[in-house]
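Read off the chains here:
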Amino acid sequence: MPVAMPLPDDAVLRRRAEIVAALKRIVPGEGVIASEQAMRPYESDGLTAYRQLPMVVVLPETTAQVAGVLGYCHREGIKVVPRGAGTSLSGGALPLGDGVLLGMAKFNRIREIDFDNRIAVVEPGVTNLAVSQAVEHAGFYYAPDPSSQIACTIGGNVAENSGGVHCLKYGVTTNNVLGCELVLMTGEVIRLGGKHLDAAGYDLLGIVTGSEGLLGVVTEVTVRILKRPQTARAALLGFPSSEDAGDCVARIIGAGIIPGGMEMMDGPAIKAAEDFVHAGYPLDVEALLIVELDGPKAEVDHLLERVQEIARGCRVATSRVSNSEEERLLFWAGRKAAFPAVGRISPDYYCMDGTIPRAKLPLVLKRMQELSRQYGLRCANVFHAGDGNLHPLILYDANQPGELERAEEFGADILRLCVEVGGVLTGEHGVGVEKRDLMPAMFNEADLDQQQRLKCAFDDKSLLNPGKVFPTLHRCAELGRMHVHAGRVAFPDLPRF
Amino acid sequence: MSDRLTPREASEVEAAIQWALAGGKTLEVAGRGTKRAIGRAAQWDATLDLSGLSGVTLYEPEELVLSAKAGTPLAEIEALVAKSKQELAFEPMDYGPLLGAPPGSATIGGVIAANLSGPRRIKSGAARDHFLGVQAVSGRGETFKSGGRVVKNVTGYDLCKLLAGSWGTLAAMTEITIKVLPRAETQATVLLLDLDDGAARKAMAAATGSYGDVSAAAHLPAAVATRIVAAASAGRAVTAFRLEGVAPSVAQRKTVLEELLGPFGTLGLLDEAPSHAFWRAVRDVMPFTADGASGTRDLWRISTVPARGPDVGRRLAERADAEILYDWAGGLVWAALPPASDAHAPLVRAAVVEAGGHATLIRAPAAVRAAVAVFTPEAPAVAALTKRVRDSFDPNGVLNPGRMWAGL
């Protein structure tokens, strides 16, 4: 494990029996799990290279129990790691050996559906897909659709500000959440937002969303639901080069078209996907675009024509449009199976998640090919072309000594490259432990200090999910110190009226 | 007359705040001051005028991204992106006409600091939803950045969300990066005439939950509707639904809406140009402008649960003779009330507590804004958190102290 986690506090570990007993008083029945065997499923999340047994697992069922657990841990100085379904790809729910693992799975009810106001109130343990399923009878759905949506929960979506393939048009989690109930590390319960729009004061909901479980524990979420578009059709476009495909994406957007989804795959990804699901992808192209238009039928048909016309101007080699729902789903089948398809051609793969300005794609792909040669590891790329979110899949074999480390170094180089060309370290998977030590590639010390000061406003003892996101832990008191240099300031020279 | 500090570059903003810190002074953070009359009436030692930080620094239409220094006029940005048939999809309103400031004078920094939006809020979000990246100087006098120039980014805390709508109380923003989007090719507005507020509520709920995909839904009671010339409603209430997109789409959705809404009452239609003018007037709340018939009234902006908007409006109309304009399918209630020493705050706050949401006193004499809470008072635990958040950026209370809440 190359990323070092905070050292366990022996004083806390020595009190383990007493702590478990106290937690059992707060969460009765089987909600406290302390045996090693029963805790084993919680030792890692979707980033399985990192494993750590927690000190104890607690599965509360009510907001009062969450408040009780957090309040107790705050008083006693015990660390807490919140967890939804554990699908994080960045290690956001990686336990701490001296910490409580707070699983929110029992918060699994949909509390209210209000079609008049187009909202649903759900508990954080409800899966992303279940929200859409609960409202589909009336033709509604919840827009953000991360690929793990069968399993991942709304609470985790809020923590990670999850996206999906439709987010250029419909936004990510933060654009689709209206309110939440939040338990602070002190055990205080607060409500942010509601069924209305915008914050009354500071947009605290906006800062909690995407905070990776470092600021509070969400116990209820109010989400916006949307009318499902009347129709959706997709175009499958194959290009001789990624430059041509990238050019096509730029021209589609330049023409004022915002597709519901726009996905790109490179040669290795196309081949792996086609071999796996036989979606009918052309194998003689270097880049494949799936462009999906959704909305009223007249609009979709009209725009699809225009997309094909634009593609013709970009040296498109293969151009097909879906003429049935079955065909549209088949176009997507390969893309949606891209990760497992790559899994078939390699013992292991490591999924990266940078975002780049779209125009830099050819450059980034070229540099990645060079890195691939340098590290001796293959790489396949799937790309949310509409929003610039790149998912390189690095192929490696964990049984070969040193390959995991090489894959991680390769991945880190890719993310540094993303930042270098004007992009960011993570588009939707989060920083977690995985990209924690890369944060200085994007932020300087002042940037990170300001973020950590905000953390202190929510969690004065740094007990909630410490060791994630920030490469160095500072004490809040130290961060809060002010250094005012009177007399050093040259401001009187500035122009005034 | 307080001092006015007029930095020309970001480093001078840092120097200005350090100067204030060293001298124990407070600063009013301002762009061109078009929204200066919003907020608690408070006094500051000097004005940090950011209007000198001006200019678009990056615009890539095909990347849907634009960066500008914080003092750049919004009008300049809107004119620039219009050349590429793009726009700021959150449709930022212009507070100038409501507050008696010159129209079209806002800066992009002010747009973000006030988290502005417009009728399209229900479909496309507010400034917060389009605010990708920022460079700013905290109340500690330290320059920091957050976010980036790409639309999909979860690297670190989303400080942009916090700065949007913070009214300059956390940091002085120096450079802002926003998402821009293609402008709709055309638009049209379907009207329903003569509905009372309750029927309008039902019609707006039906339309926003339909395949019509409306980008705005507003209801103007008769007395208010007559003040918007484009409505040409001749003394009738107007409920309006905007359709935007490519022509075939607008035509199809118009049919959908007309079938859906026909049973509610008399239908009408605004073609592209009058539709545009109508929504511009709704956006800027033109029935309640400072130089208009209701210009001396106190003005509240209430964000509530859409279905409860008419309840709030009726209560304020019955108890305090309020004039009401509903936007956001009923979720945004503009209430103009006869002048009062407390701006009818207890009545407004009670109505909003019952319905859910929040209310901001947008226009009232300074004496009133010094006496009553302008922003919605927060629950004690939230207020305490708000204070800690403020302290994490500005522990000495240098930037706009007292503007949002007393003691903050």
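Residues numbered from 1 in each chain as written. Chains lettered and ligands numbered in written order. Predicted model: local features only at pLDDT ≥ 70, side-chain atom pairs only at ≥ 80, totals over all residues.

Draft legend 1. Representation of the overall build of chain A in the model. Assigned secondary structure in chain A consists of 17 helices and 19 strands. Against the 2.2 N^0.38 benchmark of 23 Å for 497 residues, chain A shows a C-alpha radius of gyration of 24 Å, consistent with a compact globule. Projected onto its principal axes, the C-alpha positions of chain A cover 70 × 70 × 55 Å. (Helix = DSSP H or I, 4+ residues; strand = E, 2+ residues; numbered from the N terminus. Rg over C-alpha atoms; globule rule 2.2 N^0.38 Å.)

Draft legend 2. Expanded view of the nonpolar core. In this structure, V223, L289 and I394 of chain A together with L163, A172 and A335 of chain B are the most contacted members of the largest nonpolar core, which totals 284 residues. Looking at which element gives the most residues to this core, the answer is helix α1 (residues 10-23) of chain B, with 8 residues. Once residues within four sequence positions are removed from consideration, L163 of chain B is found in contact with I112, V134, A136, L170, A171 and M173 of chain B. (Core = buried A, V, L, I, M, F, W, Y, C linked by C-beta atoms within 7 Å. Buried ≥ 20, exposed ≤ 12 C-beta atoms within 10 Å, placed from the backbone. Contact = placed C-beta atoms within 7 Å.)

Draft legend 3. Region of the structure containing the interface of chain B and chain A. Of the residues lining the interface, 86 residues belong to chain B; the matching set on chain A comes to 86 residues. Here the side of chain B that touches chain A is built from residues that sort into 37 nonpolar, 28 polar and 21 charged. (Nonpolar A, V, L, I, M, F, W, Y, C, P; charged D, E, K, R; others polar.)

Draft legend 4. Examining unusual backbone geometry more closely. The phi dihedral of R315 of chain A falls on the positive side, at around 60 degrees, and the residue is not glycine. Within the fold, R315 of chain A resides in the loop between α11 (297-312) and β15 (318-321). Positive phi values are uncommon outside glycine, yet D321 of chain B reaches one of about 55 degrees. In this fold, D321 of chain B is placed in the loop between α11 (309-320) and β16 (323-327). Residue D321 of chain B is classed as exposed on the basis of its C-beta count, with 12 C-beta atoms lying within 10 Å.

Draft legend 5. Quick peek at the packing of α11 of chain A against helix α9 (residues 247-261) of chain B. Following both chains from N to C, one finds α11 of chain A and α9 of chain B inclined at 170 degrees, their axes separated by 7 Å at the closest point. Judged by the inter-axis angle, α11 of chain A sits roughly antiparallel to α9 of chain B. Residue-level contacts link K297, A298, E299 and H302 of chain A of α11 of chain A to P248, S249, A251 and Q252 of chain B of α9 of chain B. (Axes fitted to C-alpha atoms, helices over the stretch in contact; angles between N-to-C directions. Parallel < 35°, antiparallel > 145°, perpendicular 65-115°, else oblique.)

Draft legend 6. Main features of the sheet that holds strand β4 (residues 56-60) of chain B. Residue and element names in this part refer to chain B. Here we have 5 strands laid out as an open sheet, ordered β4-β5-β9-β7-β8, and antiparallel in their pairing. Two strands lie at the open edges of the sheet, namely β4 and β8 (143-147), each paired on one side alone. Each neighbouring strand pair of the sheet contributes to a mean axis angle of 15 degrees, computed without reference to strand direction. Examined bridge by bridge, β4 and strand β5 (residues 65-69) share 4 bridges and lie antiparallel to one another. (Pairing = 2+ DSSP bridges.)

Draft legend 7. Representation of the confidence of the model for chain B in the model. Looking at chain B as a whole, the pLDDT averages 96, with 98% of positions reaching at least 70. This prediction of the complex comes with two scores: 0.96 for pTM and 0.97 for ipTM. (pLDDT = per-residue confidence, 0-100.)

Draft legend 8. Inspection of α11 of chain B at higher detail. Residues and elements named next belong to chain B. With 12 residues, α11 should reach 16 Å at 1.5 Å per residue; the first-to-last C-alpha distance of 16 Å fits that figure. Considered for burial, the residues of α11 that qualify are G309, P310, V312, G313 and L316. Projected onto a plane normal to the axis of α11, the buried residues spread over an arc of 160 degrees and lie on a single side. Along its buried surface, α11 packs onto α7 (197-208), β15 (298-304), β16, β17 (332-337) and α12 (345-355). Positive backbone phi, at 55 degrees, marks D321, one or two positions downstream of α11. (Expected span 1.5 Å × (residues − 1). Arc of directions from axis to C-beta.)

Draft legend 9. Broad picture of the sheet that holds strand β5 (residues 110-114) of chain A. Residue and element names in this part refer to chain A. The strand order across the open sheet formed by 5 strands is β5-β6-β10-β8-β9, and the pairing between neighbours is antiparallel. Of all strands in the sheet, those with a lone pairing partner are β5 and β9 (189-193), marking the two edges. Pairs of neighbouring strands in the sheet enclose a mean axial angle of 10 degrees, with direction left out of account. Relative to strand β6 (residues 119-122), β5 runs antiparallel, the two sharing 4 bridges.

Draft legend 10. View of the environment of N175 of chain A. On the secondary structure map, N175 of chain A appears in the loop between α7 (167-170) and β8 (177-183). The class for N175 of chain A is buried, based on 21 C-beta atoms found within 10 Å. Taking the C-alpha atoms as reference, N175 of chain A lies 15 Å from N128 of chain A; in sequence the two are 47 residues apart. Setting aside anything within four residues of it in sequence, one finds N175 of chain A in contact with G125 and D129 of chain B.

Draft legend 11. Spatial organisation of helix α14 (residues 380-393) of chain B. The end-to-end C-alpha distance of α14 of chain B is 20 Å, a good match for the 20 Å that 14 residues give at a rise of 1.5 Å each. What α14 of chain B keeps buried is the set L385, T386, V389, R390, S392 and F393 of chain B. Taken end-on, α14 of chain B shows its buried residues confined to a sector of 155 degrees, consistent with a single buried face. Residues of α14 of chain B that are buried sit in contact with β9, α8 (204-208) and α16 (445-458) of chain A together with β7 (131-138) and β9 (171-179) of chain B.

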